[in-house]
Structures are given as structure tokens and as C-alpha cells.
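A look at the structure
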Amino acid sequence: MATQVFALIPHAGGKADDAALELLNAAQTLFPGCAPTALVLGSGPSLGAVATEVAAAFPEVWSFNQESLAYPNAELIRPLLTKVLPAGAVVMLSHSTLGIDLGPGLSVKLGAAYLPDVVGVDGVEGSLVKVVRQEFAGQVSAHVQADASKGLVISFRPGSFAPATASAAGTVVDKSAEAAGLTARRRFLEVVQAEAGDVDITREDVLVSVGRGIGEQDNLSLVDELAEAMGATVCCSRPIVDAKWLDKGRQVGTSGQTVKPKIYLALGISGAFQHLGGLKGSPFIVAVNKNPKAPIFQAAQVGVVADLMELLPELTEQIQKAK
Amino acid sequence: MDILVCVKRVPDSAENEISVAAGGADISREDLVYAVNEWDNYAVEEAIQIVEREGGSVTVVALGDSEIEESVRREMAMGAEQGLMLVDGAFTGSDGLGVATILKAAVQKGSYDLVLTGAQADDGAAQVGGMLAALLDYPYASLVNRVEVAGKSLRIGREIEGGSQELNEIDTPCVLSIQTGINEPRYVGLRGIRKVASVEIPVLDAAALGVDAAAVGQAAAKVRRVDYFVPVAGAGAEMLTGSTKEVAAQLVELLKAKGGIN
Ligand SMILES: Cc1cc2nc3c(=O)[nH]c(=O)nc-3n(C[C@H](O)[C@H](O)[C@H](O)COP(=O)(O)OP(=O)(O)OC[C@H]3O[C@@H](n4cnc5c(N)ncnc54)[C@H](O)[C@@H]3O)c2cc1C
Ligand SMILES: Nc1ncnc2c1ncn2[C@@H]1O[C@H](COP(=O)(O)O)[C@@H](O)[C@H]1O
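Residues numbered from 1 in each chain as written. Chains lettered and ligands numbered in written order. Predicted model: local features only at pLDDT ≥ 70, side-chain atom pairs only at ≥ 80, totals over all residues. Heavy atoms only, no water.

Focus on the packing of aromatic side chains
All names here are of chain A. For the coordinates displayed, the defined rule picks out three aromatic pairs over all chains. Ring geometry for Phe 156 versus Phe 161: centroids 5.3 Å apart, planes at 85°, classification edge-to-face. In terms of burial, Phe 156 and Phe 161 fall into one category: buried. Looking at Arg 157, its charged tip hangs above the ring of Phe 273, at a distance of 3.7 Å from the centre. (Phe/Tyr/Trp six-rings, centres within 6.5 Å; stacked < 30°, edge-to-face > 60°. Buried < 20%, exposed > 50% of the residue type's maximum accessible area, 1.4 Å probe, protein only. Lys NZ or Arg CZ within 6 Å of the ring centre and 35° of its normal.)

Re the domain arrangement of chain A
Domain annotation for chain A reports domain 1 (5-179) and domain 2 (201-322). Once you take the C-alpha centre of each, domain 1 of chain A and domain 2 of chain A turn out to be 34 Å apart. (Domains from an automatic or database assignment.)

Comments concerning the sheet that holds strand β16 (residues 263-267) of chain A
Taken in spatial order, the six strands make up an open sheet running β15(A)-β14(A)-β16(A)-β17(A)-β18(A)-β13(B), and their pairing is parallel. Only two strands of the sheet have a single neighbouring strand rather than two, namely β15 (233-236) of chain A together with β13 (238-240) of chain B. Averaged over all pairs of adjacent strands, the angle between their axes in this sheet comes to 25°, without regard to strand direction. Where strand β14 (residues 206-210) of chain A and β16 of chain A come together, five bridges link them in parallel fashion. Counterpart to Ser 209 of chain A in the pairing with β16 of chain A is Ala 266 of chain A. With respect to the sheet, helix α8 (residues 244-257) of chain B is in contact with β16, β17 (284-289) and β18 (302-305) of chain A together with β13 of chain B, its orientation differing from that of β13 of chain B by roughly 130°. (Pairing = 2+ DSSP bridges. Helix = DSSP H or I, 4+ residues; strand = E, 2+ residues; numbered from the N terminus. Axes fitted to C-alpha atoms, helices over the stretch in contact; angles between N-to-C directions. Contact = heavy atoms within 4.5 Å.)

Regarding the pairing of strand β5 (residues 82-86) of chain B
Residue and element names in this part refer to chain B. Among the five residues that make up β5, four are buried, leaving the element largely enclosed by the rest of the structure. The sheet contact formed by strand β4 (residues 57-63) and β5 spans five bridges and is parallel. Bridge pairing in β5 places Thr 59 opposite Gln 82. With two bridges joining them, β5 and strand β11 (residues 203-204) adopt parallel strand pairing. Within the sheet, the bridge partner assigned to Leu 86 lies in β11 and is Leu 204.

Regarding the nonpolar core
Core analysis: the biggest nonpolar cluster contains 54 residues, and Leu 39, Phe 64 and Leu 69 of chain A together with Leu 86 and Leu 209 of chain B have the highest contact counts within it. Beyond its immediate chain neighbours, meaning those up to four positions away, Phe 64 of chain A contacts Leu 39, Val 40, Leu 41, Gly 42, Leu 47, Leu 69, Leu 80, Val 84, Lys 175, Ser 176, Glu 178 and Ala 179 of chain A. Counting 45 residues, the second largest nonpolar core, distinct from the first, contains Val 54, Val 129 and Val 140 of chain A together with Tyr 228 of chain B. (Core = buried A, V, L, I, M, F, W, Y, C linked by side-chain atoms within 4.5 Å.)

Dropping the structure here:
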């Protein structure tokens, strides 16, 4: 398939995100021998630094430098890309909060197929692009195919492709004029930083993390007692924060804290990628879950299939005795 | 403010062990517990709260087989006065774009200032809201975790990485996809469900919606699931077995050895 492949490069503070090289690897894996073009959008001199950095990996970089692009507003980027991309293009995005904002509508405007949150590739046959996705919060995987004959927008889950090695002497093409005069019916105002919580879970070596499997707020005392016996700190998955049972500062995951403990005890947590995305530094993970198929058992070193209500009191008691 | 909320009936992944049926064509559907997609409950709650503050109406729409009636009634019991069901054999096998195409027709049958969807559903695609907005040519914002009405426009918060919030102003009519945690969805009791049990819910098919049946469904889908499978796992976890006492004892030893007990 003779395809023109484009990758939208996320960046911040004058540096390209890790996703840049991951997208390059994904492009080379899916379309061997393709010469992907990097799309770099932003404002000011720091954008030049990003473009130069990316040109060391991609054969061509299109740079769009405009005041209006200082913050990545999908409602501005979508019409811009719809205007500048050739018919039938393959557009690669990171499945980030920007990718989620931009991708679905972009595929509609381009008349292209959309493959979101791809975790693996399975080859290309004619105009059919075959990939691997996950469904039901990672409990099962699926082979999915898209007819890319009218183009394709495809977003990749961050971290599911290793970074490619950067070895290009790419050219930077200044496309800034194309981005002049962009307006949108959604205007970016400001970013409000997440508030710091009552404890700093990012500095703890031993974390006892509780998920929806705990069932009820009252049952949290079982987790507190275990953590106290261990001398550990309690953190949690997102549903616990959504229910306001624990502070936002205790949430582990892509929309919470990134933690680097030595030991991570995951209690009643299914192991969604947004949760695991907040676990860095290869901790020793012990998972307790009543569902033997829970994806957390793929990430954990040690697993127990059990009901928390039975195991937690027993475990706490034995730890207290052992001390 | 007249608000349409799109809700999907899904196998509840928190309640079910999802497994692949023989041959991989589908997941095992026996004994599955279905529920309204988690994110959609937050969207319905948000719509109700906006209307409680600003006046207007909330309509809930679902696309699927006749079983969706249960889901629509549940959401109506939360406080949405109107329901709408989109049911037609021709809709089966639609991809995200097909679903959005059908929902677009439902939006255009009414007159809404705001359309809400959940951020994502059971297949984790997070696509229908954005596609619907593009088809309608409405502005769009995903992962919305705050909505305030300010005249003809809205001040909204979007959740971004690390839990920070991106504030935007967006013109109406628009489509927003709602993120969990934006509110606390109200509890629906049996009494609430009984109260809406006899409210009539219109059922629209392709003809009633004016949707070209050939433009949706399996045949028109550009994106298709080939099969489900369980990936060949890497090493996976070492599983501890035995009685509760025995397992706990093994865990104590392990945690001690790794420095997890201080
Ligand atoms: C944009 C975005 C950002 C997100 N960011 C985050 C984030 O930062 N952090 C995060 O955690 N999530 C995040 N999520 C949500 C994520 O997708 C999952 O929904 C969430 O992680 C699920 O939490 P959980 O594992 O506690 O609940 P569930 O997935 O409901 O899992 C509960 C588990 O408990 C088990 N269980 C139930 N009862 C028992 C029992 N009695 N004993 C033992 N086990 C039991 C079940 O088998 C199940 O595996 C995000 C989602 C989106 C879309
Ligand atoms: N069959 C459906 N009926 C009604 N709404 C739907 C349907 N499918 C998806 N949606 C809406 O689109 C949102 C995102 O779903 P998805 O794009 O499939 O992840 C859901 O939270 C619903 O609000």
C-alpha cells in the first residue's frame, strides 16, 4: 500500500514526548519502509528546538508555528490537519487526552477510518490494516481491521511500542503560513494544576492500593488496618476517588499520581492501563482479586485469587503476630 | 437548556469475568450482568444537575436491541423526563461512525442545546462523542469534568494527564464527553424505576430517523472486529494457593523478605 504516513508529535517545554519515537516504531512496524512525516505544532522559539530534535528521527518534519497553537487545542488542530493533509493519509496519534480529543472527529472530517487505543499491530493486507485492541478494561483482546482505502486515523496506547532508534537527517519544512487565522468555537483559557494531597504517595516505598473490589466505604477500615500493621501508606485506583472515599492525591494512574514504590499491594484492582500507567520503576506487585482473569495478574509478580473480605482480616492478624 | 444524553447498555466489566466464547467470534454471553456504561451515569447526572440549576429538559437516548429499554428506564428514573430508543436490525454491527451517524439523526429530530456522551464505553474506544460532534459540525470537548453555563456558551473543565484540569469556553450547541468523578450519580431505587415504568418511550427505526440503512450496520462498517482472543501471557504472576490462613502465611513471608513489613 503506497501510503503517506504522518505522526502528530506531542511535546512540552521545548522537548518531544516519549511518544515521538514510539509512534515512529509503530509506523515502521505497520508500514515497513515508509518515510513518515512528523507534524510539530506550537508557538515560539521552543518549537524550533522540538522540530530539530524530531528531525533526528523522522525523514521529514512539518512545522506549524503560530501563536494560536501555543496550547494544543484539538478544535484548532483538527481543521488545520483536515486542510493540509493529502487524501488517503494515515495519521498516527498518541492515545493521550489530546489524541482522544482530536482523533474521532479528525477521522470524520478526513473521511478516514478510525482505530483508537491500539496496543499491537497484526499486519497490512491490501487496504486492510489489522491491529490488536483491548476491550472490557483489558479482560479480553481483539483483532480489529480497518479499511484504510480512504485514509486512516490511528491512535496508539502510550508505552505499547518501544521507542525506535533515532537515525535520520530529516528536513524541517516550515508550514506556519498554513496555520494562519485559525479560529474555533472552543477557546482554551488556562490549565489548573492538580492539588497536592494530604500525603505524598510518590515518595513511599510500600504502598497498599485499594480498588473498587473493596465494595463499600466502610470496608476501607480493613485496608487501613492492614497498611498500619505493615507500616505502609494507603493509595487507590480512580473509582475510590470518584466516590470521594479517598483524596485525589492518593489516586495512582495516568490522571493521578505516578508512584515508584518498591512494593505495591493491589487489592481489588482490575489493572486497567490507566491505573498501571501510574506505576513506574518496576515495583514488586502483589495482587489480590477474586477474578482469576483480572489483567492485574499479568502485571503482578505474585497473585492471590481471593475475596478481600476474607483475606484482609486474616493477613492483618498474621502480620501483627509476626512483628 | 435542552440536553440529550447518549447512554449505552454494556456487560458490566466490574461484575463479570469476561471470557472468549469458543471460536472467538464473541465473548461468552451466558450469565452476563448488563448495566448502563459507567461513564454515562455521570453524563445523565450532570445533565440533570444543569437542568435543576438552569431549567430545561433532559432526554436519554440509547441505540441497541430491545433490551435497552431497561437501561433507558433506569436513567429516566434518575430524573430524565424523556427517553428515546433507536432499534433496527439494520443497525447491528455498526462501527463507531455508524453509531454516530444514527445518533446524529436522533439529535436532528429534536432541538438540543447540549449533547452529552460518556468518555468511553466497554470497548474503550472513546470515539462516538467526537464523531457525533464532527458529523453535526458542533464544537466538541472530551473528558469533561466540570460544566458551568455562561449565557450562550459553557465554561468547561477537561481532565488532562496527571489530574490537572484544562479550562475552556465552548459555544453551544456542542457535544461533551463526560469523565467519571465530575459528580456523584444519584442512587436509583425500585420506587424510582416504578415511577417511570409506564412512561411511553418512542422507538425509532432507520426509516423513522431518516437514516439510509445502507450507510450503517455491518456492511457499511470500515472498522470490524475480526475476533476476540486471550493474549499468550508472559510469565504472569506466581499464584499462591491454599486456605485463607495458608495464603496469608505465604504472603507474610514474602512481604517480610521483600521489606514490605516495617
Ligand atoms: C482518561 C482516563 C483516565 C483514567 N485515569 C485513571 C487513573 O489515573 N487511575 C485509575 O486507577 N484509573 C483511571 N481510569 C479508570 C480506569 O480505566 C479503570 O476504570 C479503573 O482503574 C478501574 O478501577 P478498579 O480496578 O478499582 O475497578 P474495577 O475495574 O471495577 O475492578 C475491580 C476489581 O475488583 C475485583 N473484586 C471485586 N470484588 C472483590 C472482592 N470482594 N475481593 C477481591 N476482588 C474483588 C474485581 O474482580 C475487579 O477486578 C481512567 C480512565 C480514563 C478514561
Ligand atoms: N449504542 C449506543 N447508544 C447510545 N450511546 C452510545 C452507544 N455507543 C456509544 N454511545 C455513547 O458514546 C460514548 C462513548 O462510547 P465509545 O465511543 O463506544 O467508547 C458512550 O459513553 C455513550 O455515551
